[in-house]
Amino acid sequence: MGKAVIHFLQDTLSKELEPFAIYSVEGKEYRIKAGYFFRNFEEGQRVNIIYELSQPAKGAVYNFWGYWITWGETLFSLFLMTALYKISHAVTKNPSPESLVEQMEFKPAKRRKYED
């Protein structure tokens, strides 16, 4: 883990100014894209960088949003929760008549609070 400084540079593909984290390891300078949804940086801001010692060029800005939780994971989780809700609703929506009668006739047995 190391420190980096945010600088806004022109991206070679999009030709727009984007935040890059610039850091150095053993005298060699590296730069990685730091922009991500709902993450705002200011020029000169210092951030934490995480990288493998064997491959320092493959670093990432160490931040909860964008490193631990990503946009794709969030969308997949919402999709999965919606699908599971729909499945559970479909399974329990129309119980059979026998099941309804059994539920109406059910009387829980009286039990003592503490068994001896």
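Presented here is an overview of the structure given in this document. Just so we're clear, the structure is a prediction, and the values are computed from it rather than from any experiment.

### Let's talk about the side chain of arginine 39
For arginine 39, the position within the fold is in the loop between strand S3 (28-33) and strand S4 (46-50). Separated by 3.1 Å, the side chain of arginine 39 and the backbone oxygen of tryptophan 65 make a polar contact. If near-sequence neighbours (up to four positions away) are discounted, arginine 39 is found in contact with Ala34, Val61, Asn63, Trp65, Gly66 and Tyr67.

### As for the nonpolar core
The biggest cluster of nonpolar side chains holds 13 residues, and the ones touching the most others in it are Ala21, Tyr23, Val47, Ile49 and Val61. Elements supplying a minimum of two residues to this core: strand S1 (2-10), strand S2 (17-25), S3 and S4. Tallying contributions element by element places S2 first for this core, with three residues.

### Regarding the sheet that holds strand S5 (residues 60-61)
Taking strand neighbours across the sheet as the criterion, the five strands line up as S3-S2-S1-S4-S5 in an open arrangement whose pairing is antiparallel. Sheet topology places S3 and S5 at the edges, where each strand pairs with a single neighbour. Sheet analysis places S4 next to S5, joined by two bridges and oriented antiparallel. Its bridge partner being in S5, isoleucine 50 is matched across the sheet by alanine 60.

### Let's talk about the pairing of S4
Alternating positions in S4 separate cleanly, Val47 and Ile49 being buried on one face and Arg46, Asn48 and Ile50 remaining unburied on the opposite face. Pairing of S1 with S4, which is carried by four bridges, proceeds in the antiparallel orientation. Among the inter-strand pairings, alanine 4 is bridged to a residue of S4, identified as valine 47.

### Quick notes on the packing of aromatic side chains
Within the structure shown, the criterion is met by nine aromatic pairs. Their ring planes at 20° and their centres at 5.7 Å tell us that tyrosine 23 and tyrosine 51 sit as a pair that is stacked. Of this pair, tyrosine 23 sits in strand S2 while tyrosine 51 is found in the loop between S4 and S5, placing the two residues 28 residues apart along the sequence. Joined through ring pairs, the aromatic side chains of Tyr36, Phe37, Trp65 and Trp71 make up one cluster.

### As for unusual backbone geometry
Phi is mostly negative for residues that are not glycine, and the peptide bonds are mostly trans. Although it is not a glycine, glutamate 26 sits at a positive phi angle of roughly 55°. Relative to the assigned elements, glutamate 26 resides in the loop between S2 and S3.

### A few points about the environment of valine 25
Along the chain, the position of valine 25 falls in strand S2. Along the sequence, valine 25 and alanine 57 sit 32 residues apart, while their C-alpha atoms lie 9.2 Å from each other. Contact partners of valine 25, with chain neighbours within four places excluded, come to Tyr30, Tyr51 and Pro56.

### A short note on the pairing of S3
Sheet topology note: the S2/S3 ladder contains six bridges and is antiparallel. Bridged to isoleucine 22 within S3 is arginine 31. Adjacent in sequence and paired antiparallel, S2 and S3 are bridged by two residues, among which glutamate 26 carries a positive phi angle near 55°.

About the cut-offs
Residues numbered from 1 in each chain as written. Predicted model: local features only at pLDDT ≥ 70, side-chain atom pairs only at ≥ 80, totals over all residues. Heavy atoms only, no water. Helix = DSSP H or I, 4+ residues; strand = E, 2+ residues; numbered from the N terminus. Polar contact = N/O pair within 3.5 Å; in protein donor to acceptor, adjacent residues only side chain to side chain. Contact = heavy atoms within 4.5 Å. Core = buried A, V, L, I, M, F, W, Y, C linked by side-chain atoms within 4.5 Å. Buried < 20%, exposed > 50% of the residue type's maximum accessible area, 1.4 Å probe, protein only. Pairing = 2+ DSSP bridges. Phe/Tyr/Trp six-rings, centres within 6.5 Å; stacked < 30°, edge-to-face > 60°.

All we've got here are geometric facts, nothing functional implied.
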